[in-house]
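For reference, the chains in residue letters:
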Amino acid sequence: MKEAMFYERLDAGRVRCGLCRFHCLIDPGKRGHCLVRENRDGTLCSLVYGRAVAEQVDPIEKKPLFHLLPGSRTYSVATVGCNFRCQHCQNFSISQPEPTRIENSGSYLPPDAIVERALSAGGGSIAYTYTEPTIFFEYAYETAKLAHAAGLKNIFVTNGYITNEALATIAPYLDAANIDLKGFTREFYRDVVGADLDQVLECIREYHRLGIWLEITTLIIPHHNDSEAQLRGIAEFIVNEIGPQTPWHVSQFYPTFQLTDEPRTPVGTLRAARRIGQEAGLRYVYEGNVPGEGGENTVCPSCGGLLIRRYGYLIEKNLLQRGKCPGCGSQIEGIWE
């Protein structure tokens, strides 16, 4: 139990949470939309601080981050809870647990222990992932400060709904983020995700403004967000608002949770999305969850030479030389050391 950051005390014991863009008004004894922040007699408390429900050493490519220390390992950690209600969530058992299972979930793992384990694992980073790191902000923030001091990089894998104030607080310690831009219509975000598209777009702009390295992921779901208009809208937003250097991961959906009636995304749809991204001006568009199809490789946007060949999460060849193309000498955008 820990007092939350970013809230305002109001009348009648109510509080207004300022951590994410839902800005929940919470009555005494109640919880916010994320279900992990509770008003206890006018004090907003985090129910998940220090309670790791998942921890694992992953390839950095799994996040996915292709332009940050390729081939390295990242120590991944999460608590229960999320502020979205995605019908296709792959980690729904921990992101959307029964409310009675939230308090005292997971195992106690303090921030200094996370950093020690990350260093022992020999990776170069800590990823706050699996669920939504925004909702366990205090835990991630204290860990990120220690990790930064120890020379580790910090990564958010996020839905992009944190407030500007909270993001500015952790930004000095946050090196990179992969943000899910899940679709490009208000209806999709409302009906499938339970959030507001415009707020996500504004949040992505703020990450970029703060200088945090960004990669964007879109899980393409047949009959929901796979239209050319949505895919082109996403690609053009990335180019115009973040920049053509931003990697875009277009990934294959598989039936899960509440969307078991839709098929896997055809590889042809991923190829079409990649083409749309390239036509819009993106330099790096990757096909995800389809290893061996060729859409995972990094190619120099200047000369077309192969730079990194991947198979799934495996780096088969890395020809980059201090972040530069060995063929033409062009600087490739990313964090390479």
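Structure first, text after, so check above.
Keep in mind it's a predicted model, so treat the numbers as computed, not measured. (Residues numbered from 1 in each chain as written. Predicted model: local features only at pLDDT ≥ 70, side-chain atom pairs only at ≥ 80, totals over all residues. Heavy atoms only, no water.)

Chemist: Which residues make up the overall build of the protein, and what values go with them?
Modeler: On a plain count of helices and strands, the protein comes out with 8 helices and 19 strands. Over its C-alpha atoms the protein spans a radius of gyration of 20 Å, differing by no more than 12% from the 20 Å that the globule rule assigns to 337 residues. Its C-alpha atoms put the protein at 65 × 45 × 35 Å along the principal axes. Counting over 337 residues, the protein shows a buried share of 55%. Counting every atom, the protein has about 13,600 Å² of accessible surface; 46% of that belongs to carbon and sulfur. Both charge centroids of the protein, one from 34 positive and one from 39 negative side chains, sit 3 Å from each other. (Helix = DSSP H or I, 4+ residues; strand = E, 2+ residues; numbered from the N terminus. Rg over C-alpha atoms; globule rule 2.2 N^0.38 Å. Buried < 20%, exposed > 50% of the residue type's maximum accessible area, 1.4 Å probe, protein only. Areas by Shrake-Rupley, 256 points an atom, 1.4 Å probe, with all protein chains shown as cover. Lys, Arg positive; Asp, Glu negative; His and termini not counted. Charge placed at Lys NZ, Arg CZ, Asp CG, Glu CD.)

Chemist: So, the packing of aromatic side chains: which residues are in play, and what are the values?
Modeler: Under the defined criterion, the tally for this structure stands at 12 aromatic pairs. Ring centres of phenylalanine 22 and tyrosine 161 lie 4.9 Å apart, and the angle between their planes is 50 degrees; this geometry places the pair in the tilted category. Within this pair, whereas phenylalanine 22 is found in the loop between strand 3 (15-17) and strand 4 (25-26), its partner tyrosine 161 is found in the loop between strand 12 (153-158) and helix 4 (164-170), the two being separated by 139 residues in sequence. The exposure class assigned to tyrosine 161 is buried, which follows from its relative accessible area of 3%. Linked through ring pairs, Phe6, Phe137, Tyr141 and Tyr173 together constitute an aromatic cluster. When the ring centre of phenylalanine 66 is taken as origin, the NZ or CZ atom of arginine 310, which lies over that ring, is 4.0 Å away. (Phe/Tyr/Trp six-rings, centres within 6.5 Å; stacked < 30°, edge-to-face > 60°. Lys NZ or Arg CZ within 6 Å of the ring centre and 35° of its normal.)

Chemist: Any details on helix 6 (residues 197-209)? Residues and values, ideally.
Modeler: For helix 6, which comprises 13 residues, the first-to-last C-alpha distance of 19 Å matches the rise-based estimate of 18 Å (1.5 Å per residue) to within 8%. For helix 6, the full list of buried residues reads Leu197, Val200, Leu201, Cys203, Ile204, Glu206 and Tyr207. By the N-cap criterion, in which a side-chain oxygen at the helix start approaches the backbone nitrogen of a residue two or three places on, helix 6 is capped by aspartate 196, the distance to aspartate 198 being 3.1 Å. Just past helix 6, the residue glycine 211 takes up positive phi, approximately 80 degrees. (Expected span 1.5 Å × (residues − 1). Polar contact = N/O pair within 3.5 Å; in protein donor to acceptor, adjacent residues only side chain to side chain.)

Chemist: Give me the lowdown on the layout of surface pockets, citing residues and values where you can.
Modeler: The space that makes up the largest pocket amounts to roughly 1,000 Å³. Taken together, 39 residues form the lining of the largest pocket, with Lys62, Lys63, Gln90, Asn91 and Asp180 sitting closest to its centre. Put simply, the parts of the chain that give the lining of the largest pocket at least two residues each are strand 12, strand 13 (176-180), strand 14 (213-220), strand 15 (248-252) and strand 16 (285-288). Across the lining of the largest pocket, the residue classes tally to 13 nonpolar, 18 polar and 8 charged. (1 Å grid on protein atoms, 1.4 Å probe; cavity = no way out; pocket = protein on both sides within 12 Å on 5 of 7 lines; lining within 4 Å. Points joined across faces, edges and corners; volume = space filled by probe spheres on them. Nonpolar A, V, L, I, M, F, W, Y, C, P; charged D, E, K, R; others polar.)

Chemist: Kindly report on the packing of helix 6 against helix 7 (residues 228-242), identifying the contributing residues and their values.
Modeler: To describe two helices that pack against each other, one gives the angle between their axes and the distance between the axes. Axis separation between helix 6 and helix 7 bottoms out at 10 Å; the angle between their running directions is 35 degrees. In this structure, helix 6 crosses over helix 7, and the sense of that crossing is right-handed. Across from Leu201, Ile204, Arg205 and His208 in helix 6, the residues of helix 7 making contact are Phe237, Glu241 and Ile242. Of the residues assigned to the contact of helix 6 with helix 7, the class counts are 4 nonpolar, 1 polar and 2 charged. (Axes fitted to C-alpha atoms, helices over the stretch in contact; angles between N-to-C directions. Left-handed = near helix turned anticlockwise from the far one by under 90°. Contact = heavy atoms within 4.5 Å.)

Chemist: Please set out the side chain of threonine 74 residue by residue, giving values where relevant.
Modeler: With respect to the helices and strands, threonine 74 occurs in strand 9 (residues 73-78). Polar side-chain contacts of threonine 74 include one of 3.4 Å to the backbone nitrogen of alanine 127. Aside from chain neighbours lying at most four places away, what touches threonine 74 is Gln56, Val57, Asp58, Pro59, Ile60, Lys63, Ser125, Ile126, Ala127 and Ile155.

Chemist: Can you explain the sheet that holds strand 18 (residues 306-311)? Please cite residues and give values.
Modeler: Read across the open sheet, the 3 strands follow the order 17-18-19; overall the sheet is antiparallel. Of all the strands in the sheet, just strand 17 (298-299) and strand 19 (314-318) have a single pairing partner and so form its edges. (Pairing = 2+ DSSP bridges.)

Chemist: Account for the side chain of lysine 153, with residues named and values stated.
Modeler: Following the sequence through the fold, lysine 153 ends up in strand 12. Buried charge without a salt bridge: lysine 153, with aspartate 175 as the nearest opposite-charge side chain at an N-O distance of 4.4 Å. Contacts of lysine 153, omitting those with residues within four sequence positions, involve Leu69, Gly124, Ser125, Ile126, Asp175, Ile335 and Glu337. (Salt bridge = Lys/Arg side-chain N within 4 Å of Asp/Glu carboxyl O.)

Chemist: Report on unusual backbone geometry, specifying residues and quantitative values.
Modeler: Of the consecutive residues lysine 63 and proline 64, the connecting peptide bond is found in the cis state with omega at -15 degrees. Topologically, proline 64 is positioned in the loop between strand 8 (54-59) and strand 9. Of note in the backbone geometry, histidine 23 takes a positive phi value of approximately 50 degrees without being a glycine. Relative to the elements of secondary structure, histidine 23 occurs in the loop between strand 3 and strand 4. Exposure remark for histidine 23: the relative accessible area of 38% places this residue in the partly exposed category. Residues other than glycine seldom take positive phi values, yet tyrosine 130 does so here, at roughly 70 degrees. Along the chain, tyrosine 130 turns up in the loop between strand 11 (125-128) and helix 3 (137-149).

Chemist: Account for the sheet that holds strand 5 (residues 37-40), naming residues and giving values.
Modeler: The 3 strands lie next to each other as 1-6-5, forming an open sheet whose pairing is antiparallel. The open sheet has two edge strands with one neighbour each: strand 1 (2-3) and strand 5. Bridge count for strand 1 against strand 6 (residues 43-46) is 2 bridges, and the pairing is antiparallel. The residue bridging glutamate 3 from the neighbouring strand is cysteine 45, located in strand 6.

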